[in-house]
Amino acid sequence: MPGSSGVGAVLSGLLHQVMAQSDHLSPADLDRLSGTVVDLLTAVLAREVETDPSSFVTDPGALLVLRVRLFRRTYGITPARYRRLRDSSGTSPP
């Protein structure tokens with residue numbers, strides 16, 4: 001996702017300016033700007049999907065693996081913790 005041209009450049013410029021001006025912006029200003037940042041990021045991602053959809057996961061199996069990894073990372077489920085949970089439940093996974 002290039003930040004040197006198009007919508008990516010607009011997003012990049014905004015983020016640089018927000019960082020440079022952060023000492024002069026109130027929490028309310030930052031809150032209002034956050035919506036703009038999300039909108040621009042959405043536009044950049046939409047543009048990327050339009051130009052190269054292969055850069056995003058389109059295989060449901062690969063997406064499931066990513067979701068499981070995110071779940072494990074979010075809840076701190078390491079292989080050792082998984083084994084302890086499995087062993088304490090008295091059942092084995094399929």
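Cut-offs applied
- Every residue gets a number counted from 1 within its own chain, in the order that chain's sequence is written.
- Confidence filtering applies because this is a predicted model: local features only for residues at pLDDT of at least 70, side-chain atom pairs given and counted only at 80 or more, and all residues used for totals across whole chains, interfaces and linings.
- Water and hydrogen atoms play no part in the side-chain values, which are based on all heavy atoms of the structure.
- Secondary structure elements are defined from DSSP: runs of H or I of at least 4 residues count as helices, runs of E of at least 2 residues count as strands, and each element is numbered from the N terminus.
- Each residue is assigned to one of three classes by its accessible area relative to the maximum for its type, calculated with a 1.4 Å probe on protein chains only: buried under 20%, partly exposed between the two thresholds, exposed over 50%.
- Note on contacts: a residue pair is in contact if any heavy atoms of the two residues lie within 4.5 Å.
- The method behind every accessible area is Shrake-Rupley, applied with a 1.4 Å probe, and residues are considered shielded solely by the protein chains displayed.
- Each nonpolar core is a collection of buried residues, namely Ala, Val, Leu, Ile, Met, Phe, Trp, Tyr and Cys, held together in the definition by side-chain atoms within 4.5 Å.
- Axes, fitted as lines to C-alpha atoms, cover a helix only where it is in contact. Angles between the N-to-C directions of the axes lie from 0 to 180 degrees.
- With respect to orientation, any angle under 35 degrees is reported as roughly parallel, any angle over 145 as roughly antiparallel, any angle of 65 to 115 as roughly perpendicular, and every other angle as oblique.
- By the definition used in this description, the sense in which the near helix is turned from the far one sets the handedness, with an anticlockwise turn below a right angle giving left-handed and a clockwise turn giving right-handed.
- Lys, Arg, Asp and Glu make up the charged group, whereas Ala, Val, Leu, Ile, Met, Phe, Trp, Tyr, Cys and Pro make up the nonpolar group; the residues left over, Gly among them, are polar.
- Here, a salt bridge means any side-chain nitrogen of Lys or Arg that lies within 4 Å of a carboxyl oxygen of Asp or Glu.

Scanning the chain for helices and strands turns up four helices and zero strands. Seen in sequence order, the chain has helices and strands lined up from the N terminus as α-α-α-α. Burial statistics for the chain: of 94 residues in total, 9% are counted as buried. Once local pairs closer than 6 in sequence are excluded, the contacts in the chain between residues at least 24 apart make up 38%. Summing over all exposed atoms, the chain offers an accessible surface of approximately 7,500 Å²; the carbon and sulfur share of this is 61%.

Among the nonpolar cores identified, the biggest contains five residues, and these are Leu11, Leu14, Val18, Leu40 and Val44. Only helix 1 (6–21) and helix 2 (27–51) provide two or more residues apiece to this core.

By secondary structure assignment, the location of Leu30 is in helix 2. The spatial distance from the C-alpha of Leu30 to the C-alpha of Val18 is 8.2 Å, given a sequence separation of twelve residues.

At a minimum axis distance of 9 Å, the contact between helix 1 and helix 2 shows a crossing angle of 155°. One way to sum up the angle between helix 1 and helix 2 is to call them roughly antiparallel. The two elements helix 1 and helix 2 cross, and the hand of that crossing is left-handed. For the pair formed by helix 1 and helix 2, the contact residues are Val7, Gly8, Val10, Leu11, Leu14, Leu15 and Val18 on the first element and Leu30, Leu33, Thr36, Val37, Leu40, Leu41, Ala43 and Val44 on the second. Classifying every residue of the contact of helix 1 with helix 2 gives 13 nonpolar, two polar and no charged.

What follows concerns the pattern of salt bridges. Within the structure shown, the criterion is met by one salt bridge. For Arg32, the salt bridge goes to Asp29, with nearest N and O atoms at 2.6 Å. In this pair, Arg32 and Asp29 are both assigned in helix 2, three residues apart and thus about one turn of the helix distant. For Arg32, a relative accessible area of 54% translates into the label exposed. Given a relative accessible area of 24%, Asp29 falls into the partly exposed group.

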